[in-house]
Each structure stands twice: as structure tokens, then as C-alpha cells.
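# Examining the three-dimensional arrangement
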Amino acid sequence: MAEVIFPHSVEIMAAVIFALAVLHTFSAAYFERLAHLQPAHAGLWHLLGEVEAVFGFWAMVLLLAMAIQLGTEPSMHYLESRNFTEPAFVFVIMVVAASRPIIDFAGALLVWVSRILPLPASMAYYVTLLSVGPLLGSFITEPAAMTLTALLLRERFVHKNAPNAFKYATLGVLFVNVSIGGVLTPFAAPPVLMVAGTWGWDLAFMLKNFGWKAAIAVFINAAAITVLFRAYLRELPGVSPALARLDVPVWVIAVHLLFLTGVVVFNHHPIVFSAFFLFFLGFTEAYKQYQSRLLLREGLMVAFFLAGLVVLGGMQKWWLQPALSGMSSTVLYWGATALTAITDNAALTYLGSLVEGVSDEFKYALVAGAVTGGGLTVIANAPNPAGFAILKGSFDDGAINPLYLFLAAFGPTMVAAAAFLLLP
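Residues numbered from 1 in each chain as written. Predicted model: local features only at pLDDT ≥ 70, side-chain atom pairs only at ≥ 80, totals over all residues. Heavy atoms only, no water.

This part covers the overall build of the chain. Within the chain one finds 23 helices and 0 strands. Taking the principal axes of its C-alpha atoms as reference, the chain extends roughly 65 × 55 × 45 Å. Here the chain holds 424 residues, and 56% of them are scored as buried. Sequence separation of 24 or more characterises 81% of the internal contacts of the chain that already satisfy a separation of 6 or more. (Helix = DSSP H or I, 4+ residues; strand = E, 2+ residues; numbered from the N terminus. Buried < 20%, exposed > 50% of the residue type's maximum accessible area, 1.4 Å probe, protein only. Contact = heavy atoms within 4.5 Å.)

Okay, here's the thing in C-alpha cells:
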């Protein structure tokens, strides 16, 4: 299918709509308040207050505006030219990874790891969740690691009665650590996945140039927040031995792990991982006594968010690519970190990979900057909406303040920046 060349006026309109969508994400709490003030239209305001619905809503606005200005055929042509594999994959992996057998297995494994640490039980489990959990993203993909870690944090630490400062700090570290924790391998982090094939980055390259630096930053961030909130964590009851026991039969866990592995291995092939997902749904129905509620609604909302980002982001190439190509490596690093906060970091690295004749320093700065800034906002990294959807119910009014999230993630982001820029 040939690429559609749009008039510059349409591109400007798309940039304006994209900016409005970004502003909308920062205003979601306002719509939630309107739902309480105007109960007659509460359903509409609740919808507009759902951060996961924002980009899907504005993508619809963009397509309608394009249809009015250009006609339906070019608009449909553009829509059909978008690749929605990533939103579909995130939906499937989120539902599979959040199933009870997987969560129970991951929880037991992390409890076992935490017992090795010479710390009070609650502190050891907390620091393990925020370090080992995100690093698992390099092997089971970042969306799966985000889902697992967020659910385990919600079970134990991030609940309505926890202090707000603790909840936001935990969310900031979680988002940053997941964003950088997936760079040990070339297939797990979306911004790395977008360029690894084009630039020939293999496992050895990722471990040598990115992985060990990211691991250091992940452990520093997790340790720092644990020390910062040590008084609160010490007050929590110890980790129950029941968390290390598996109530689900081992063979059921093994089947779920096989489904998870199949989805991860075939993450580039939507027909295959969709087939795995359908068999997975059949299996969970057949053995529902070992299951809890599947996160179908949450997964669909996250996929809707990412699909909207794909539609809106595809029209930003006209200004993003020239901006990236005109930067030095140092400026590019900080520029990519900042741009990631208002765009998806995978889209950013993909556009950078289209720039021809770039140096190795350019490539490193682009990807390192993109993953560094991946925790600053909910739209910065594809797994963030999954964590947002799982944890938002633990915050006041069921809403997460974007400014507080940015501030909470700023410190861990600077730790990641120091690791990628200062370590050899």
C-alpha cells in the first residue's frame, strides 16, 4: 500500500490535535470532578476522565477531521496503513500475565528472592518488587513485567490507606525502572525493538552497552526509595509465608507459563499470539476454579490508549524527524528524554531509525534518552498505561495526578541519566 502524502495543513492540524490530547491527559482529574458536579452527564465525564480513553478519543477526532477535509478514502487509507500489532500484543500479554496462576507463581518467586536480603521482611519484599520485577521485563517483555509488578504492589503496598507521597514515589520508581529494565535484551523493550533489527543490535550488544548500566540504575532507584520510606515500611506486617506457597496446581501454572512464553516469542506475529490467546481463554474457562477475574476491561482500555497513540503519532513525523536529525549526540539524549514525556518512546526511536547515515553515538543517545524518559508520564512508554490502569484505584478519586507523577519520576529519571551518560 503506497504511503499517502498529506497537505501540510493536515499535518499541522494533526499536531494541534496531538497537543490537545496531551493536555487532556493532564486534565483527566478535572473531568472526574465534573462527573460529581453534573450527575446527569456523569457517564460522559467519567469517559473523558479515563486517561486510557484519551488518545483513542482524540484519534477519532483526527480521523473525522481528516475525512471532512480530505474525504473518507484517504482517511481510511491512512488508518489501514497503521501497524496495531503493539496495542494488540500489550492487550494479550497483560491479560495472560495477570492471570492468577502467573501472579501466584511470580509472587512466590519474588518472596523467595526477598528472603535472601538481610532486611526486614516487608522492606526486602518491597525492594525486590521494584528491582527484580522490572528487570524481568528483559525476558517476559516490559508490558508483562509492568502488569505483574503493579498487581503485586497493589496487593501488598499501594492501597488507599497508604500515604500519598509513598504511592506517588512508588509509581515513579516503577515506571522508570520498567522503562530501563527491559534493555538487557533486544526484544523486550518497545523502543529497542523498533531499532534492533535495523541497526543490528543483538543480545551481546545490549548487555555491553545498555543492560548493566540499566541494572545498576534499577537497583539504586529501588534501594533509594526503600531507604526513604523505611520507617513506613517497617510498620507494615511481615510477609506472610502463605505468599510463598502455591495454591494452584503446578501443572496449571506450567500451562499458563507456556501460553505466556508463546505470546512473548511470537510478539511480532498477531495472528499467532491471538491464536495462543484464544486457546488461553478456553483453558481458563475449562479450569475456572483456578482462575480469578481476567483483566479484559483493563487490557482493552490500555490497547485503546495505545492504538490512539499509533494513529495520532503517525502524523507527527513531519516535525519530529527533522528535530531529531538536527541534534548533536548530547543534545539528542536530553531531547529524546524530554520528547518521550509527550510522545511514545517507541515511536520516537522508530522515527530516529529512519534518519540515514547516523553515527553510533546518535543511535546510543536516541535509545538511551528514550528509555530514560519513559517513566515521566503515562504516555511515555507503552507499558505505563497498564500500570496506570491497575494502580489508579488506590489513589484519591481513582485518579493519578500527572504533575505529581512527573515529579515523583524525576529523581529516578536522573539516576538513569547518570548511569547511561557517566558509566563507560
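What follows covers the layout of surface pockets. When its volume is computed, the largest pocket comes out at roughly 1,200 Å³. Here the residues of the lining of the largest pocket sort into 25 nonpolar, 10 polar and 6 charged. Taken as a whole, the second largest pocket encloses approximately 220 Å³ of empty space. If you trace the second largest pocket, you find 13 residues lining it, with Ala29, Asp396, Asp397, Ala399 and Asn401 closest to the centre. For the lining of the second largest pocket, the secondary structure elements donating two or more residues are α2 (28-37) and α11 (164-181). Of all the elements, α2 adds the most residues to the lining of the second largest pocket, at 4 residues. (1 Å grid on protein atoms, 1.4 Å probe; cavity = no way out; pocket = protein on both sides within 12 Å on 5 of 7 lines; lining within 4 Å. Points joined across faces, edges and corners; volume = space filled by probe spheres on them. Nonpolar A, V, L, I, M, F, W, Y, C, P; charged D, E, K, R; others polar.)

Residues Phe55, Leu62, Phe157, Leu174 and Leu312 are the most contacted members of the largest nonpolar core, which totals 97 residues. Take this core: its biggest share by element is 9 residues, from helix α6 (residues 85-97). In terms of nonpolar packing, the next biggest core, distinct from the first, is built from 37 residues, Ala189, Ala217, Leu339 and Leu366 among them. (Core = buried A, V, L, I, M, F, W, Y, C linked by side-chain atoms within 4.5 Å.)

For the coordinates displayed, the defined rule picks out 4 salt bridges. Measuring nitrogen to oxygen at the nearest pair gives 2.8 Å for the salt bridge that ties arginine 293 to glutamate 298. Residues lysine 363 and aspartate 360 are paired through a salt bridge, measuring 4.0 Å at the closest nitrogen-oxygen approach. Remark: aspartate 360 and lysine 363 occur in helix α21 (residues 360-372); sequence separation between them is 3 residues, near one turn of the helix. Residue class for aspartate 360 comes out exposed when judged on its relative accessible area of 57%. (Salt bridge = Lys/Arg side-chain N within 4 Å of Asp/Glu carboxyl O.)

Moving on, we come to the packing of aromatic side chains. Evaluation of the coordinates by the stated rule reveals 29 aromatic pairs. Arranged with centres 5.3 Å apart and planes meeting at 55°, the rings of tryptophan 199 and tryptophan 201 form a pair that is tilted. Taking relative accessible area as the criterion, tryptophan 201 reaches 8% and is therefore assigned buried. Note on tryptophan 251 and tyrosine 287: the rings are 5.1 Å apart at their centroids and 85° apart in plane angle, and the pair reads as edge-to-face. In this pair, tryptophan 251 is assigned in helix α15 (residues 250-265) and tyrosine 287 in the loop between α16 (270-286) and α17 (296-313), connecting sequence segments 36 residues apart. (Phe/Tyr/Trp six-rings, centres within 6.5 Å; stacked < 30°, edge-to-face > 60°.)

For α17, which comprises 18 residues, the first-to-last C-alpha distance of 25 Å matches the rise-based estimate of 26 Å (1.5 Å per residue) to within 8%. Counting buried positions along α17 gives 14 out of 18 residues, so the element sits mostly inside the fold. (Expected span 1.5 Å × (residues − 1).)

For the rest of this paragraph, the subject is α6. Side chains of residues three or four places apart in an α-helix project in the same direction, reflecting 3.6 residues per turn. If you check α6, its first and last C-alpha atoms are 18 Å apart, about what 13 residues at 1.5 Å a residue would give, namely 18 Å. The buried fraction of α6 amounts to 11 of the 13 residues, a majority that puts the element mostly inside the structure. Where α6 is concerned, the buried positions are Thr85, Pro87, Phe89, Val90, Phe91, Val92, Ile93, Met94, Val95, Val96 and Ala97.

This paragraph deals with empty space enclosed by the protein. Under the defined criterion, the tally for this structure stands at 1 cavity of 30 Å³ or more. Volume-wise, the largest cavity comes out at about 100 Å³. Every residue lining the largest cavity is listed: Thr25, Phe26, Val51, Ala341, Leu376, Thr377, Val378, Ile379, Phe388, Ile400, Pro402 and Leu405. For the lining of the largest cavity, the elements supplying multiple residues, two or more each, are α1 (8-26) and α23 (402-422).

For the rest of this paragraph, the subject is the environment of proline 87. Within the secondary structure layout, proline 87 lies in helix α6. You can call proline 87 buried: its relative accessible area is 4%.

We now examine the packing of helix α20 (residues 345-353) against α21. For the pair α20 and α21, interaxial distance at closest approach is 9 Å and the crossing angle is 170°. Classed by the angle they form, the pair α20 and α21 counts as roughly antiparallel. Residues Asn345, Leu348, Thr349, Gly352 and Ser353 of α20 form the contact with α21, whose participating residues are Phe362, Leu366, Val367, Ala370 and Val371. Tallied by class, residues from the contact of α20 with α21 come to 6 nonpolar, 4 polar and no charged. (Axes fitted to C-alpha atoms, helices over the stretch in contact; angles between N-to-C directions. Parallel < 35°, antiparallel > 145°, perpendicular 65-115°, else oblique.)

What follows concerns a nonpolar patch on the surface. Where nonpolar side chains cluster on the molecular surface, the patch consists of Phe105, Leu109, Trp112, Ile116 and Leu246 and spans about 500 Å² of accessible area. Looking at leucine 246, the relative accessible area reads 36%, which means it is partly exposed. (Patch = residues over 30% accessible without salt bridge, like charges linked within 9 Å, V, L, I, M, F, W, Y side chains within 5 Å. Areas by Shrake-Rupley, 256 points an atom, 1.4 Å probe, with all protein chains shown as cover.)

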